[in-house]
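# Analysis of the macromolecular model
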Amino acid sequence: MDTCGDVLQSVIMEILDVQQARADEIQQDSYHIPASQRFSYYSILPAIRESVGYFGGAEKVGSRFETRKGRLMMKLALFRKKAVDFDDEKKARIYYDTVLFAIDLEHTAIKHLKAIIAEDDPQRRHIAETLLEEHNAALQSLWGRLNYGQEVRLEEVEDIVHGMHDKLPEGVRNNTMEQFRKAWHFNDEADANALQIELEQIRQCRLEGTISEAQAKALREEVYLMQTSLLE
């Protein structure tokens with residue numbers, strides 16, 4: 001029989017596979033857009049995913065370019081990282097659309113986990129239930145970034161139409177930079193490796209049943225806020 005750790009890793013890999021497959025579907029619909037334009041979105045997706053608990057390479061899922069030129073641009077970006085002024089509405093819209101992309105990938109993960117929960121396998125079901133809590137928390141965190149300082153219902157972003165825009169949707173205020181400034185108050189306390197370890201400990205405690213779902217949710221929210229402070 002596989003150990004709990006083996007099954008956990010197997011389910012996590014399944015999730016990353018279905019997320020990448022969904023990202024590939026989205027990318028196929030955008031082949032007509034030059035890689036130089038799509039690059040802006042793919043370059044910040046890993047940081048957004050990292051801020052909701054993805055690490056160890058999992059944060060890069062969804063940002064894989066299908067062309068050699070695109071992959072080269074992503075590598076060069078690692079050497080040219082700089083702070084982004086999200087007060088600029090066009091850049092804020094890029095961030096907005098990329099968060100929508102990340103939300104789509106979370107819906108994909110949640111759908112897969114619900115299918116596992118419906119299986120007749122108690123061990124996989126228990127692990128999937130714990131991971132479902134994590135992905136729901138990530139979804140809520142991502143949605144909160146679109147909803148920051150305003151009232152946008154979650155239902156309004158569940159039916160996502162991907163695209164590239166120069167302006168934010170009508171009625172949506174650009175509070176992107178404001179939320180980053182708030183998160184940056186935690187910057188001195190934030191250490192990426194320590195935060196990753198903390199998320200793993202929260203997951204382990206939930207698997208063991210030593211903390212409640214509500215306690216885990218509150219702890220994850222604190223970690224996500226500190227992880228957001230690491231975004232550039």
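Predicted model, so just to flag it, every value in this text is computed and none were measured.

### Examining the overall build of the protein chain
- Check the secondary structure of the protein chain and you find 8 helices and 0 strands.
- Ordered by position in the sequence, the α and β elements of the protein chain form the string α-α-α-α-α-α-α-α.
- Within the protein chain, the proportion of its 232 residues that are buried is 45%.
- Sequence-distant contacts, at least 24 apart, represent 79% of the contacts inside the protein chain between residues at least 6 apart.
- Surface summary for the protein chain: the accessible area is close to 12900 Å², and the carbon and sulfur share equals 51%.

### Observations concerning the packing of aromatic side chains
- In this structure the tally under the stated criterion is 1 aromatic pair.
- The ring of Tyr-54 carries Arg-49 above its face, with NZ or CZ at 3.7 Å from the centroid.

### Details of the nonpolar core
- By size, the foremost hydrophobic cluster in this structure holds 47 residues, and its most contacted members are Val-11 and Leu-131.
- Broken down by secondary-structure element, the contributors of at least two residues to this core are helix H1 (4–28), helix H2 (35–50), helix H4 (89–117), helix H5 (122–147), helix H7 (192–208) and helix H8 (213–228).
- No other element matches the 13 residues that H4 contributes to this core.
- Aside from chain neighbours lying at most four places away, what touches Leu-131 is Leu-8, Val-11, Ile-12, Ile-15, Leu-113 and Arg-203.

### Quick word on H5
- Helix length check: H5, at 26 residues, gives a terminal C-alpha distance of 37 Å against a target of 38 Å (1.5 Å per residue), a fit within 8%.
- Between a side-chain oxygen at the N-terminus of H5 and the backbone nitrogen of Gln-123 the separation is 3.2 Å; the capping residue is Asp-121.

### Considerations on the confidence of the model for the protein chain
- On average, residues of the protein chain carry a pLDDT of 77, and 63% of them reach 70 or more.
- H1 holds the highest mean pLDDT among the elements of the protein chain, 92, whereas helix H3 (residues 68–77) holds the lowest, 52.

### Focus: the side chain of Thr-108
- Counting through the fold element by element, Thr-108 comes out in helix H4.
- Taking relative accessible area as the criterion, Thr-108 reaches 18% and is therefore assigned buried.
- Sequence-distant contacts of Thr-108, defined by excluding residues within four places in its chain, comprise Val-18, Gln-19 and Arg-22.

### Digging into H1
- Helix length check: H1, at 25 residues, gives a terminal C-alpha distance of 36 Å against a target of 36 Å (1.5 Å per residue), a fit within 8%.
- Turning to H1, its buried residues are Val-7, Leu-8, Val-11, Ile-12, Ile-15, Leu-16, Gln-19, Gln-20, Ala-23, Ile-26 and Gln-27.

### Topic: the pattern of salt bridges
- Counted according to the given criterion, the structure contains 7 salt bridges.
- Residue Glu-133 pairs with Arg-206 through a salt bridge whose shortest N-O separation is 2.5 Å. You can see Glu-133 sitting in helix H5 and its partner Arg-206 sitting in helix H7, a full 73 residues away along the chain. Across this residue pair, the class does not change: Glu-133 and Arg-206 are buried.
- We note a salt bridge from Arg-220 to Glu-133, for which the minimum N-O separation is 3.6 Å. Taken together, the residues Arg-220 in helix H8 and Glu-133 in helix H5 connect sequence positions 87 residues apart. Each member of the pair, Arg-220 as well as Glu-133, is classed as buried.

So, how was this worked out
- Residues numbered from 1 in each chain as written.
- Predicted model: local features only at pLDDT ≥ 70, side-chain atom pairs only at ≥ 80, totals over all residues.
- Heavy atoms only, no water.
- Helix = DSSP H or I, 4+ residues; strand = E, 2+ residues; numbered from the N terminus.
- Buried < 20%, exposed > 50% of the residue type's maximum accessible area, 1.4 Å probe, protein only.
- Contact = heavy atoms within 4.5 Å.
- Areas by Shrake-Rupley, 256 points an atom, 1.4 Å probe, with all protein chains shown as cover.
- Phe/Tyr/Trp six-rings, centres within 6.5 Å; stacked < 30°, edge-to-face > 60°.
- Lys NZ or Arg CZ within 6 Å of the ring centre and 35° of its normal.
- Core = buried A, V, L, I, M, F, W, Y, C linked by side-chain atoms within 4.5 Å.
- Expected span 1.5 Å × (residues − 1).
- Polar contact = N/O pair within 3.5 Å; in protein donor to acceptor, adjacent residues only side chain to side chain.
- pLDDT = per-residue confidence, 0-100.
- Salt bridge = Lys/Arg side-chain N within 4 Å of Asp/Glu carboxyl O.

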